[in-house]
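# Structure assessment
Spelled out from the first residue to the last, the chains are:
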Amino acid sequence: MLVLVAPGQGAQTPGFLTPWLDLPGAADRIAAWSDAIGLDLAHYGTRADADEIRDTAVAQPLLVAAGLLSAAALDASPSVVAGHSVGEITAAALAGVIEDEAALRFVRTRGLGMAEAAAVTETGMAALLGGDPDVTIPHLEKLGLTAANVNGGGQIVAAGTAAQIAALEADKPEGVRRVVALKVAGAFHTHHMAPAVEKLRAAVGDLTVSDPTVRYVSNADGHTVATGTEVIARLVGQVANPVRWDLCMETFRSLGVTALVELSPGGTLTGLAKRALPGVKTLALKTPDDLDTARALISEHAGA
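Residues numbered from 1 in each chain as written. Predicted model: local features only at pLDDT ≥ 70, side-chain atom pairs only at ≥ 80, totals over all residues. Heavy atoms only, no water.

## Some details on the layout of surface pockets
Approximately 440 Å³ is the volume found for the largest pocket. The wall of the largest pocket is formed by 24 residues, among which Gln 9, Gly 10, Gln 155, Leu 182 and Thr 268 lie closest to the centre. If you list the elements that add at least two residues to the lining of the largest pocket, you get β3 (123-130), β4 (146-152), β5 (155-161), β6 (176-181) and α12 (268-276). Looking at side-chain class alone, the lining of the largest pocket contains 13 nonpolar, ten polar and one charged residues. Size it by volume and the second largest pocket reaches roughly 170 Å³. Lining of the second largest pocket is provided by 13 residues; of these, Arg 54, Thr 123, Gly 124, Met 125 and Val 184 occupy positions nearest its centre. (1 Å grid on protein atoms, 1.4 Å probe; cavity = no way out; pocket = protein on both sides within 12 Å on 5 of 7 lines; lining within 4 Å. Points joined across faces, edges and corners; volume = space filled by probe spheres on them. Helix = DSSP H or I, 4+ residues; strand = E, 2+ residues; numbered from the N terminus. Nonpolar A, V, L, I, M, F, W, Y, C, P; charged D, E, K, R; others polar.)

## Considerations on the pattern of salt bridges
Summed over all chains, the structure comprises seven salt bridges. Across the pair Arg 234 and Asp 221 runs a salt bridge whose closest N-O atoms are separated by 2.9 Å. Pair noted here: Arg 234 is in helix α10 (residues 228-237) and Asp 221 is in the loop between β7 (215-217) and β8 (224-225), with a separation of 13 residues, a long-range link. Residue classification places Arg 234 among the buried positions, given a relative accessible area of 19%. The salt bridge involving Asp 292 is made with Arg 295; its shortest N-O contact spans 3.3 Å. Note that Asp 292 and Arg 295 are positioned in helix α13 (residues 291-301) at a spacing of three residues, about one turn of the helix. (Salt bridge = Lys/Arg side-chain N within 4 Å of Asp/Glu carboxyl O. Buried < 20%, exposed > 50% of the residue type's maximum accessible area, 1.4 Å probe, protein only.)

## Thoughts on the sheet that holds strand β1 (residues 2-6)
Sheet strands associate in pairs through backbone hydrogen bonding, adopting either a parallel or an antiparallel arrangement. Strand order in the open sheet formed by six strands is β8-β7-β2-β1-β9-β10, with mixed pairing between adjacent strands. The strands lining the two open edges of the sheet, one partner per strand, are β8 and β10 (281-284). Two elements, strand β2 (residues 80-83) and β7, share three bridges in a ladder whose sense is parallel. By the bridge assignment for β7, Ala 82 is matched with Val 217. α13 contacts β1, β9 (259-262) and β10 of the sheet and is inclined by roughly 150° relative to β10. (Pairing = 2+ DSSP bridges. Contact = heavy atoms within 4.5 Å. Axes fitted to C-alpha atoms, helices over the stretch in contact; angles between N-to-C directions.)

## Concerning the sheet that holds β6
In spatial order, the strands read β4-β5-β3-β6; together these four strands make up an open sheet with antiparallel pairing. One side of each edge strand has no neighbouring strand; the edge strands of this open sheet are β4 and β6. Strand-to-strand twist across the sheet, computed as the mean angle between neighbouring axes with direction ignored, equals 25°. Here β4 runs beside β5; their pairing, made up of five bridges, is antiparallel. Bridging from a neighbouring strand, Val 150 pairs with Ile 156 of β5.

## Here's the deal with the packing of helix α6 (residues 100-120) against helix α9 (residues 194-203)
Closest axis-to-axis distance for the α6/α9 pair is 8 Å, and the angle between their directions is 155°. Considering the angle they form, α6 stands roughly antiparallel to α9. Crossing handedness for the pair α6 and α9: right-handed. Counted together, Phe 106, Thr 109, Arg 110, Gly 113, Met 114, Glu 116 and Ala 117 of α6 and Pro 195, Ala 196, Lys 199, Leu 200 and Ala 203 of α9 form the full contact between these two elements. (Parallel < 35°, antiparallel > 145°, perpendicular 65-115°, else oblique. Left-handed = near helix turned anticlockwise from the far one by under 90°.)

## Focus: the packing of aromatic side chains
Under the criterion given, the structure shown has one aromatic pair. Between Trp 245 and Phe 252, the ring centres sit 5.8 Å apart and the planes meet at 80°, which makes this aromatic pair edge-to-face. Classification of Phe 252 as buried rests on a relative accessible area of 1%. (Phe/Tyr/Trp six-rings, centres within 6.5 Å; stacked < 30°, edge-to-face > 60°.)

Okay, here's the thing in structure tokens:
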């Protein structure tokens, strides 16, 4: 059984889209999406530097575009789809809940709304490596931080103000080996993002929504979601609520997933799966050079 997963913000690196644009039709697709949302995705995915693509309003549409482009090139038929944070919008499109262009319009609204919310207060996120969640989460709460991503595999991402992140670096929870600042521009999946939720709620009325055609696993709680309206409601709410990727991986295990392919720019979710899902074959689709290997893996595991 195959699951396709889409990464969240922070996975982007300068120039990562470049090799994908050499595929037949890819440049035209990116150009059409760019026109639809008023953002030059080709520029940001090929020539922009790390600071430019760190901008939330840029990074989020870029990641969804890359995920959809790499999924189209792969042309797989997964049994399950899921996404981490903004990657859930990619997953919703792959599941047939919304069309690709609608997904890009929706994520553009999301990115702009979250960028505006992040500008109100200087906030950020940091990954904690190691430690026990039962110890780490209360420690974060004591410092005024939110466990914004509970990723499994020994990783929790804290979010809050810059001052709170600095306090965390000086006062790590017991058992945590490192605190690593992330390449994001705000405290996502916390109360700081409440204004963005309202903007997304207003944008929902413009969407044509269908029920998922494959199992869609929500990162709110790891549950499968059967209706398109519920998928969209969760996409709106998750902006200001924690991501429970650990629960998604528990669901993959319970469903009997045997292979996991992470869409471009892959790597982060594959690493988590290697630690949390022993025995599950994993592959990160970083460049088109990985497509043949991915197809071989899929031929062994798809169709359940």
